[in-house]
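In case you want the letters, here they are:
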Amino acid sequence: MSKPTPEVYEQGKGMDAHNQAMREIRSRKEASYDPHEPTRVWLDEDNTPDGVKTSLTIILNTGGCRWARAGGCTMCGYVAESVDGGSVSHEALMDQIDICLEHEEDNADETADLIKIYTSGSFLDEREVGAESRRAIADTFADRERIVLESLPDFVDREKIGDFTQHGIHTDIAIGLETATDRVRHDCVNKYFDFTDFEDACAEAAVADENAGGDTAAGIKAYLLMKPPFLTESEAVADMISSVERCADVDGCHTVSMNPCNVQRYTMVDDLYFNDGYRPPWLWSVAHVLEETAAVDAIVVSDPVGHGSDRGPHNCTECDDRVQKAIKDFDLRQDPSVFEQVSCECELTWETVIERERSFNQPLTR
């Protein structure tokens, strides 16, 4: 696993200071979780390079992200839902998969074409999901069309991807890049790797794609974070537009998913929020970025979790559902004209925030 340079890891400064703060915040967690139960599972629809597909999304309950155990990202509370002790057995992981398949059988008319597996860490990190479990999961879903697997770039490896492509499954690796700007990723998100590491992971996926041959594809889905802490609304918007464009220009990256930040428990963002130092992004900002990047050579989507709530991306509450519906419509059709059909008086407030908010007065509005 990559490590921060000595300069950013100097004791008591940079990432070291962030990690100290994050470890203290995460220590407040009291809940524990059953290693035989998945964290979440649900059915949905997703836009893929092969069109819109019914999806089964699985969040496996593992020992959690190893970077999060060191301190981790300023906005991520998912490690608080991980199993205590740092590891989950093969048998327990397969029990979780069985529960997810039962959920699908009970709630869907037919099996989903697309499987999405997340661990709130890295599926390809063998400390979280061992090789035996990875290959058994590949066997389990060998009859599906496409699978998405979450991983940090360190663990993206052509042989691991090959465990899935050998079954003829189109395989996408979802990387939490957060931003294409290294300084923002390091200082605002507290994520250790560089954009070049993301490019290297895309290159590994490209080799896996070539090795798969025939009609089976492998590629990268980049996850970006809209408005990490310490950025103003306008800075966050500019960073997202630039990041989407840079990701779309990397060979092998066919989809960019922009995730507006929401306030999760046991995080630095949570502490800032309760001290009036953070507001989740405006939904108008999400719509604006999608409009501005609609022409890039990639599928660009967004899923504002917790939209309309104080802790999630929101506008004025009156228009939140309408704007969220337009965003979902854009995800499926990639047509920016959907945003011309929604308006609200609060757009003027958002425009004022974009124009006047500065780091010393943020958040300018709640």
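Residues numbered from 1 in each chain as written. Predicted model: local features only at pLDDT ≥ 70, side-chain atom pairs only at ≥ 80, totals over all residues. Heavy atoms only, no water.

Participant: Can you help me understand the side chain of Thr 216 in this one?
Facilitator: Relative to the assigned elements, Thr 216 resides in the loop between α7 (195-212) and β6 (218-226). A relative accessible area of 14% means that Thr 216 is categorised as buried. Not counting the four nearest positions on each side in its chain, Thr 216 is found in contact with Thr 165, Gly 168, Ile 169, His 170 and Asp 209. (Helix = DSSP H or I, 4+ residues; strand = E, 2+ residues; numbered from the N terminus. Buried < 20%, exposed > 50% of the residue type's maximum accessible area, 1.4 Å probe, protein only. Contact = heavy atoms within 4.5 Å.)

Participant: It is not clear to me how the side chain of Ser 285 should be interpreted in this structure. Could you clarify?
Facilitator: By the secondary structure assignment, Ser 285 is in helix α10 (residues 283-292). Taking relative accessible area as the criterion, Ser 285 reaches 0% and is therefore assigned buried. A polar side-chain atom of Ser 285 sits 2.8 Å from a polar atom in the side chain of Trp 350. (Polar contact = N/O pair within 3.5 Å; in protein donor to acceptor, adjacent residues only side chain to side chain.)

Participant: Please explain empty space enclosed by the protein as it appears in this structure.
Facilitator: Gaps between atoms show up when a probe of the same size as a water molecule is rolled over them. Applying the stated criterion across every chain, the model contains 2 cavities of 30 Å³ or more. The space that makes up the largest cavity amounts to roughly 60 Å³. For the largest cavity, the full set of lining residues is Asp 46, Asn 47, Thr 48, Pro 49, Leu 114, Arg 146, Val 148, Asp 172, Lys 221, His 254 and Thr 255. Listed by contribution, the elements that provide at least two residues to the lining of the largest cavity are β1 (40-48), β4 (146-150) and β7 (253-260). For the lining of the largest cavity, the element with the most residues is β1, which contributes 3 residues. Looking at the lining of the largest cavity, its residues break down into 3 nonpolar, 4 polar and 4 charged. (1 Å grid on protein atoms, 1.4 Å probe; cavity = no way out; pocket = protein on both sides within 12 Å on 5 of 7 lines; lining within 4 Å. Points joined across faces, edges and corners; volume = space filled by probe spheres on them. Nonpolar A, V, L, I, M, F, W, Y, C, P; charged D, E, K, R; others polar.)

Participant: So what exactly am I meant to see when it comes to the state of the cysteines here?
Facilitator: Chemically, a disulfide is nothing more than a covalent bond linking the sulfur atoms of two cysteines. Under the criterion given, the structure shown has 0 disulfides. Here Cys 188 stays free of any disulfide, with the sulfur of Cys 261 as its closest cysteine sulfur at 11 Å. Residue class for Cys 188 comes out buried when judged on its relative accessible area of 8%. Cys 316 takes part in no disulfide bond, and the closest cysteine sulfur to it belongs to Cys 344, at a distance of 3.6 Å. (Disulfide = S-S within 2.5 Å.)

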